[in-house]
Amino acid sequence: MKRHWYGWCVLVILLIWAEMLPAAPLKIGEIDPLTGRFAKQGREIHQGIAVAVAEVNEAGGIKGQLITLLTRDDQSRPDVAISMAEDLCANQKIVGLTGGYVDALVGPISEVASKYGVPYVASASLQKELVQRGNPYFFRVATLSGFVAPLCDFFAKELKPQRLAILHASTPGSTELAMDLEQCLKRRHLPVSMVEKFRPGTPDFTPLIGKLMNMKVEIIFSGGFSHDHMLMVRQLKENGFTPKAYVGPFGIAYESFIEEMGPEAEFLFTTCAWNPGIYQKGTAARSAEFRKRFRRMFGREPNTTNMHGYTSTMALLAALHKVLARGLPASGPHVRQALAKLDILLPMERLAFDSRGDPRFYRHVIVQVQHGKLVVVYPPAKATGTAIYPMPPWNRRK
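The text that follows walks through the structure, step by step, so that each part is easy to find.

Some words on the overall build of the protein
A count of helices and strands for the protein gives 12 helices and 14 strands. Its C-alpha atoms give the protein a radius of gyration of 24 Å, within 12% of the compact-globule value 21 Å for 398 residues. The C-alpha extent of the protein, read off along each of the three principal axes, is 100 × 40 × 35 Å. For the protein, the residues scored as buried account for 54% of the 398 residues in total. Of the side-chain charges in the protein, 48 are positive and 35 negative, and the distance between the mean point of each set is 5 Å.

Set out below in structure tokens:
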């Protein structure tokens, strides 16, 4: 009888002791280009991810379980990205994956994650092919239509050009964006005078600018990146050619770009999903909290790339919360199912995924650089200022 009583006492003590132990952390993975040609963007995505993890952990984690972030550098190389994904999924037994910049890296990661049944929420992915492979474990927070629809509307309803040139970098995302925009404009009966690609990092745009001048192009749309815009705009000025508008959806809506370009950034049009003054209605407090925590952690204002990292990670963590709140294990199938049914409001977007894993409500606004700041000029319902169009000639600026 005493032995029986003693056994029960030991069992009770063990149960109480187990309850007092801290819950095991939840391990999530991140793969980003922290070195190599995409290191700047990869580090910015990582910073947004780190803020999301800090926000959740500072609030006590998810159902008492803190988040452990396992960060890997793909070195801007697809082969390394595959190796890192194999390690995280097979050896580290992560419950979900986030991060990723450019589809040449995101695509291989998504294939490995699918093989192991690990949900992957990509931070920066646009290529349509990636959601056409039937991968149920792949989700992303951005989509090309979020750029194309507002740009097409802006051209058709506000600028109404007669001679428009569409230039694009020879990358999958930029090429698809240019093709989709051209098709949309043709459906709106707007003429497109020229469509031409260029290599990212082109050292001299003078020959291309000569063609634009000979065709008397009114509006230049360029799907290049920050350094492409810097060189092209400066060479436009050197050649004395001022189009009525210069529109670049990638790489302009950054404080660093505007600071480096100085007065030459004035009047450029771009697009933006989020910045410290641009956020979804009803998220002002949350956007301000994100900025506060980001400044505390990194000592500067966040940008839209940071917010993409934050958004993808908050989606994954929200899905984990739903799984654990139902008393289910944080397994790949359960987390994937929660992501498929997710519908949350974040500063960058209302985030819900369609059947392919694309975000249903991702949409940019059109902004213009005015007095060194980004001013929302389209759509009218979100505008904070009026577009200056046509932009003043170079020789008439102060």
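Thoughts on the state of the cysteines
Here is the idea: a disulfide is a covalent bond, and it sits between the sulfur atoms of two cysteines. The tally for this structure, following the rule as stated, stands at one disulfide. A disulfide bridge connects Cys152 with Cys184, and the sulfur atoms are separated by 2.1 Å. Looking down the S-S bond of the Cys152 and Cys184 bridge, the torsion is -100°, so its handedness is left-handed. Of this pair, Cys152 sits in helix H5 (residues 145-159) while Cys184 sits in helix H6 (residues 172-187), and the two are 32 residues apart along the sequence.

Comments concerning the packing of helix H11 (residues 304-325) against helix H12 (residues 332-340)
At their nearest, the axes of H11 and H12 sit 8 Å apart, and the two run at 115° to each other. As summarised for this structure, H11 and H12 are arranged roughly perpendicular, according to the angle between their axes. For H11 against H12, the interelement crossing comes out right-handed. Facing Ala315, Leu316, Ala319, Leu320, Lys322 and Val323 of H11, the residues of H12 in contact are His334, Val335, Ala338 and Leu339. The class makeup of the residues in the contact of H11 with H12 is eight nonpolar, one polar and one charged.

What about the sheet that holds strand S5 (residues 138-140)?
One open sheet accounts for five strands, arranged S2-S1-S3-S4-S5; its pairing is parallel. In this open sheet, the two strands that pair with only one neighbour each are strand S2 (67-73) and S5. Between one strand axis and the next, the sheet turns through 25° on average, direction left out of account. Relative to strand S3 (residues 96-101), strand S1 (residues 26-32) is paired through three bridges, and the arrangement is parallel. Its bridge partner lying in S3, Ile28 is registered against Gly96.

Focus on the packing of aromatic side chains
A full pass over the atoms with the stated rule returns 15 aromatic pairs. Seen from their ring centres, Phe38 and Tyr101 are 5.8 Å apart, and the 55° between their planes marks the pair as tilted. Of this pair, Phe38 sits in the loop between S1 and helix H2 (39-58) while Tyr101 sits in strand S3, and the two are 63 residues apart along the sequence. Between Phe225 and Phe250, the ring centres sit 5.7 Å apart and the planes meet at 10°, which makes this aromatic pair stacked. Remark: Phe250 occurs in the loop between strand S9 (245-247) and helix H9 (255-261) and Phe225 occurs in the loop between strand S8 (219-223) and helix H8 (226-238); sequence separation between them is 25 residues.

Side note on the nonpolar core
With 67 residues, the main nonpolar core has Phe155, Leu185, Phe221 and Leu339 as its most contacted residues. Among the elements that line this core, the one with the most residues is H11, at 11 residues. Other than its neighbours up to four places away in sequence, Leu339 contacts Pro119, Val121, Phe139, Ala315, Leu316, Ala319 and Phe353. The next biggest cluster of nonpolar side chains, apart from the first, holds 28 residues, and it includes Leu208, Ile209, Ile252 and Trp394.

Focus: the pairing of strand S10 (residues 269-272)
Of the two faces of S10, the one carrying Phe269 and Thr271 and the one carrying Thr270 and Cys272 are both buried. Where S10 and strand S13 (residues 365-370) come together, four bridges link them in antiparallel fashion. Paired with Thr271 across the bridge in S13 is Ile366.

Some remarks on H12
Of all the residues in H12, the buried ones are Gly332, Val335, Ala338 and Leu339. Looking down the long axis of H12, one finds its buried residues gathered within 130° of arc, a one-sided arrangement. Where H12 is buried, its residues meet strand S4 (120-124), S5 and H11.

Digging into the pattern of salt bridges
Considering all chains together, one arrives at 25 salt bridges under this definition. The salt bridge involving Glu301 is made with Arg291; its shortest N-O contact spans 2.8 Å. Of this pair, Glu301 sits in the loop between helix H10 (284-298) and H11 while Arg291 sits in helix H10, and the two are 10 residues apart along the sequence. With a closest N to O distance of 2.7 Å, Arg350 and Asp343 form a salt bridge. Residue class for Arg350 comes out partly exposed when judged on its relative accessible area of 37%. What you see here is one network of salt bridges that share partners, running through Glu55, Glu58, Arg286, Glu289, Arg293 and Arg296.

Considerations on the pairing of S1
With respect to burial, S1 is a largely interior element, six of its seven residues being buried. For the segment spanning S1, H2 and S2, crossover handedness is right-handed.

With respect to the packing of H2 against H10
Two elements in contact, H2 and H10, have axes whose closest approach is 10 Å; the angle formed by their N-to-C orientations is 105°. The angle between H2 and H10 places the two elements in the roughly perpendicular class. Residue-level inspection shows Gln47, Ala50, Val51, Ala54, Glu55 and Glu58 of H2 in contact with H10, the latter providing Arg286, Phe290, Arg293, Phe294, Arg296, Met297 and Phe298. When its residues are assigned to classes, the contact of H2 with H10 shows seven nonpolar, one polar and five charged.

Here is what the cut-offs are and how they apply
- Residues numbered from 1 in each chain as written.
- Predicted model: local features only at pLDDT ≥ 70, side-chain atom pairs only at ≥ 80, totals over all residues.
- Heavy atoms only, no water.
- Helix = DSSP H or I, 4+ residues; strand = E, 2+ residues; numbered from the N terminus.
- Rg over C-alpha atoms; globule rule 2.2 N^0.38 Å.
- Buried < 20%, exposed > 50% of the residue type's maximum accessible area, 1.4 Å probe, protein only.
- Lys, Arg positive; Asp, Glu negative; His and termini not counted.
- Charge placed at Lys NZ, Arg CZ, Asp CG, Glu CD.
- Disulfide = S-S within 2.5 Å.
- Axes fitted to C-alpha atoms, helices over the stretch in contact; angles between N-to-C directions.
- Parallel < 35°, antiparallel > 145°, perpendicular 65-115°, else oblique.
- Left-handed = near helix turned anticlockwise from the far one by under 90°.
- Contact = heavy atoms within 4.5 Å.
- Nonpolar A, V, L, I, M, F, W, Y, C, P; charged D, E, K, R; others polar.
- Pairing = 2+ DSSP bridges.
- Phe/Tyr/Trp six-rings, centres within 6.5 Å; stacked < 30°, edge-to-face > 60°.
- Core = buried A, V, L, I, M, F, W, Y, C linked by side-chain atoms within 4.5 Å.
- Arc of directions from axis to C-beta.
- Salt bridge = Lys/Arg side-chain N within 4 Å of Asp/Glu carboxyl O.
- Right-handed = clockwise from strand over helix to strand, strands pointing away.

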